[in-house]
Amino acid sequence: MLVAAGCTPQSVTEEGRAVYGLYNLFLYIAAVVFVVVSGLVIWSVIRYRRRDDELPKQTHGNNRLELTWTLIPTVIVLVLFVFTMQAQNKVLDQSGDADVNITATAFQWSWRFAYEGTGAEVVGSPESIPEMVVPVGQTIRVKLLSADVVHSFYVPQTLFKRQAIPGTENLFDLTFEKTGLFHGQCTQFCGLQHPDMVFRVRVVSQGEYQSWLAAETRRGAAGQPGT
Amino acid sequence: MATTELPLPALPEAHHEEPGGIVDYLTTVDHKKIGILYIFTAFAVFLAGGVLALVVRWELASPGLQAMGENTYNQVFTMHGTLMIFLFAAQVTTGLGNYLVPLQIGAADVAFPRANAMSYWLYLFGVLIVVSSFFVAGGPAAVAWTAYAPLSTREYFQGTGMDLWIIGLAVVGVAGILGAVNLVTTIFRMRMPGMTMFRMPLFTWGVLVNQLLILFAFPALTVVFALLFLERNFGAQFFDPTYGGSPILFQHIFWFFGHPEVYIIILPIFGIINEVIPVFSRKPLFGYRAMVFAFFGIAALSFGVWAHHMFATGLVYLPYFSIMSLLIAVPTGIKVFNWIGTMWRGSITLSTAMLMSLGFIVVFLIGGITGIFLASPPIDFAVNDTYYVVAHFHYIMVGGLLYGMFAGFYFWFPKFTGRLLSERLGRWHFATFFIGFNLTFFFQFLVGLDGMPRRIADYEIERWTSANVLSTVGAFLTGVSVLIFIWNFWVSIRRGKRAGDDPWEGNSLEWVTSSPPPSHNFHHLPEVHSERPAFDYRHRGDPELAPVKTDPERDPDRG
Ligand SMILES: [Cu+2]
Ligand SMILES: [Cu+2]
């Protein structure tokens, strides 16, 4: 049954690949634990059904056995912890310089994506879904802000999310490995139209990105009188 | 008859009245009647919360908005969570504890009968305040049961409903603290001679640790609600960053209560399972002391893990909260293995109480294992706030809590009423519940992994529909299972088989007294020489089974 739970979407980012691997490691161990434990439960129920009135042997415990099943889970979780920390370091690594810096601002109930140093900006509304356009294969550094309440930036296929908290700047990196259009959504309940806080990430080639950025920058400049 | 002198406190007047009658229940300070009041009130809240859950499932069965607007939907799921977590889950087990703990430790009543009554009436009062928010302009709160600031501040959510929500829950919190003082004192001070701590039934242990957790965790809840109330009504700026306040502060205090709350709910349930499995395996509990230490291990860890609910904030120290959360698997694992050890080479009867306990182990296992996933920050980043989390904690809360609760109901109903619940209807109840429950929540893991966020009235992604349809069908089947239980209750309380004092060959002292017990609980009490006084008493005179031969002529205070 648990094996069926393994359908995590394949990640489309470098960071997400570490999460995907970690998830599958957890899943294999979980499946073994589930099968062994529920197998023991089912076995003992079938094998030791009451057949007569004779009282079974009144055993009160077994220290060696109990120590064993204290140590086994301890070892398992310590191993899982080590792999967790490895994956976490990959997901949260921000040591390199970013190629693209985007300030993403969540507000009730949509998103604003501002491209640092270019003047390009995309603003959505509940009626018009905003698109965050990014180049493939480059490190995107998102600076996440909130204009009002707590929201959460989530693109399922990156296997990553982060809360947008008023008064806080949250930084994270995304490195897309595939081009395409990906669904994104706010996942922290944020009021009346929370389900409408949808956005898209459009991952395009380097060249397409440059021309999109140029057009968007011109549009931004034209749209703002006085600049 | 082997009897000991009862350690009787001065009995208040109400103890001498005949049971029954509304006036009697309104004025009672008898712990058993207060326990029944708690259980009935909590069960009524559960039914209301369940109806709201069905409304949620109805709306989600297909994409788009069908049955209601977004605001109504937000109110419905907020109140579903509120009723279930704040007003039902901890109180139904408090009710069972109220009824059973004095019986299990051989006491005539609780330590503070009047404070106990006050605790119940405050609880009811709090429930009514929260429910009254349905009838004010603007309706009830619609900010999710976690009520994160600043969404729950007046700037973003106006309306009296929200204030009634805060006041009502604060009152219920105070009721919980008062009740906990009473039950903890009862367990420490009211045990009969011979009933040492390490001879107490595991259900009483579960209630003790659960009430200790309430004493430490509920004050944090009171604090966070007090701050929120001041922020909403008196212009305090605790959570507003423009005035140096902090939204993250709200999350910290809330989850400092919120995570222990999970164990406040589940520890007495562990206690129920610890009582049911040995009785229907006809063996002592395997590893009694390890079970007690596991309770304390879980309780201690539960105060050090709260920020696993906040991994996605990017503002907490991940390694510490991750390893602490992972380690909870160890004491929990001990419990599960000791249950299997109890059944191993036993003589197992599959009564409904036992079936519910086995169902508990299986669903709790799934809930626990997926909890391990969520203790890993990178995995949590992927699935936090999706239906994966919804499925996970419903496996713990609905699975864990309800299977254990029903196991307890089938197990102790004969003690409460003198009649047995129907086992035939019980089997139907179990079967429909087991299928309905898994149908409802298992597919939510899949749709959550696929990225469906929680708390949305509407979704645009078509491939999420099939899982949601199955979930809705399962939810209604679960609803049917609850109706079967109510029907079972209805017919059994009138025409159920007579139970006698000890229908299951129980281990703890409540099975020695009559069903239902007299107002002062016991006409006579056997001596206590082990953690199974009723077992010893049943096998008295058999040197192989009863560890110390109870001699009717012997001085009762020999202890
Ligand atoms: Cu939002
Ligand atoms: Cu938790």
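A quick note: this is a predicted structure, and the numbers were derived from the prediction, not measured.

A. Local environment of the packing of aromatic side chains. All names here are of chain B. Scanning the model with the defined rule gives 85 aromatic pairs over all chains in all. Here Trp145 and Phe254 contribute two aromatic rings whose centre-to-centre distance is 5.5 Å and whose plane-to-plane angle is 55°, an arrangement assigned as tilted. One end of the pair, Trp145, is in the loop between helix H4 (113-132) and helix H5 (160-189); the other, Phe254, is in helix H7 (residues 247-281), and 109 residues separate them in sequence. Aromatic pair Phe406 and Phe433: ring centres 5.9 Å apart, planes at 80°, arrangement edge-to-face. With a gap of 27 residues between them, Phe406 in helix H13 (residues 387-417) and Phe433 in helix H14 (residues 423-449) connect regions that are remote in the sequence. With respect to class, Phe406 is no different from Phe433; both count as buried.

B. Structural context of the coordination of the copper ion (ligand 1). All names here are of chain A. In this structure, His151 (ND1), Cys186 (SG), Cys190 (SG) and Met197 (SD) serve as the protein donors to the copper ion (ligand 1), at separations of 2.1 to 2.4 Å. Around the copper ion (ligand 1) sit four donor atoms, and with donor-metal-donor angles ranging over 88 to 125° the site reads as tetrahedral. Of note, the donors binding the copper ion (ligand 1) are all from one chain and are spaced H-x34-C-x3-C-x6-M. On the criterion of sequence distance, the pair formed by Cys186 in strand S9 (residues 180-186) and Met197 in the loop between S9 and strand S10 (198-204) is long-range, its members being 11 residues apart.

C. Summary view of the packing of helix H9 (residues 318-327) of chain B against helix H10 (residues 329-343) of chain B. Residue and element names in this part refer to chain B. Contact geometry of H9 with H10 gives a least axis separation of 5 Å together with a crossing angle of 10°. Considered as vectors, H9 and H10 are oriented roughly parallel to each other. Side by side, H9 and H10 meet where Ser325, Leu326 and Leu327 of the first sit next to Ala329, Val330 and Pro331 of the second. In terms of residue class, the contact of H9 with H10 is made up of five nonpolar, one polar and no charged.

D. Main features of the coordination of the copper ion (ligand 2). Residue and element names in this part refer to chain B. For the copper ion (ligand 2), the full set of protein donor atoms is His259 (ND1), His308 (NE2) and His309 (NE2), and the range of their distances to it is 1.7 to 2.0 Å. The sequence motif formed by the donor residues of the copper ion (ligand 2) is H-x48-H-H. In this structure His308 comes out as buried when scored by relative accessible area, which is 14%. Look at His309 and you get partly exposed, because its relative accessible area is 23%.

E. Molecular detail of the interface of chain A and chain B. If you look at the interface, chain A gives 86 residues, while chain B gives 90 residues. For the pairing of chain A and chain B, the buried interface totals around 7,300 Å² over both sides, and the portion due to carbon and sulfur atoms is 71%. On inspection of chain A and its partner chain B, the count reaches one salt bridge. Where Glu460(B) meets Arg200(A), a salt bridge forms, and the shortest distance between an N and an O atom there is 3.2 Å. Between the two partners, chain A and chain B, sit 21 residue pairs in polar contact (both at pLDDT 80 or more). For the side of chain A that touches chain B, the elements supplying multiple residues, two or more each, are helix H1 (14-47), helix H2 (63-92), strand S7 (160-164), S9 and S10 of chain A. Looking at which element gives the most residues to the side of chain A that touches chain B, the answer is H2(A), with 16 residues.

So, how was this worked out
- Residues numbered from 1 in each chain as written.
- Chains lettered and ligands numbered in written order.
- Predicted model: local features only at pLDDT ≥ 70, side-chain atom pairs only at ≥ 80, totals over all residues.
- Heavy atoms only, no water.
- Phe/Tyr/Trp six-rings, centres within 6.5 Å; stacked < 30°, edge-to-face > 60°.
- Helix = DSSP H or I, 4+ residues; strand = E, 2+ residues; numbered from the N terminus.
- Buried < 20%, exposed > 50% of the residue type's maximum accessible area, 1.4 Å probe, protein only.
- Donors = N, O, S within 2.8 Å, 3.2 Å for Na, K, Ca; no water.
- Tetrahedral: all angles 85-135°; square planar, octahedral: opposite > 155°, others 65-115°.
- Axes fitted to C-alpha atoms, helices over the stretch in contact; angles between N-to-C directions.
- Parallel < 35°, antiparallel > 145°, perpendicular 65-115°, else oblique.
- Contact = heavy atoms within 4.5 Å.
- Nonpolar A, V, L, I, M, F, W, Y, C, P; charged D, E, K, R; others polar.
- Buried area = accessible area lost by both parts, 1.4 Å probe.
- Salt bridge = Lys/Arg side-chain N within 4 Å of Asp/Glu carboxyl O.
- Polar contact = N/O pair within 3.5 Å; in protein donor to acceptor, adjacent residues only side chain to side chain.

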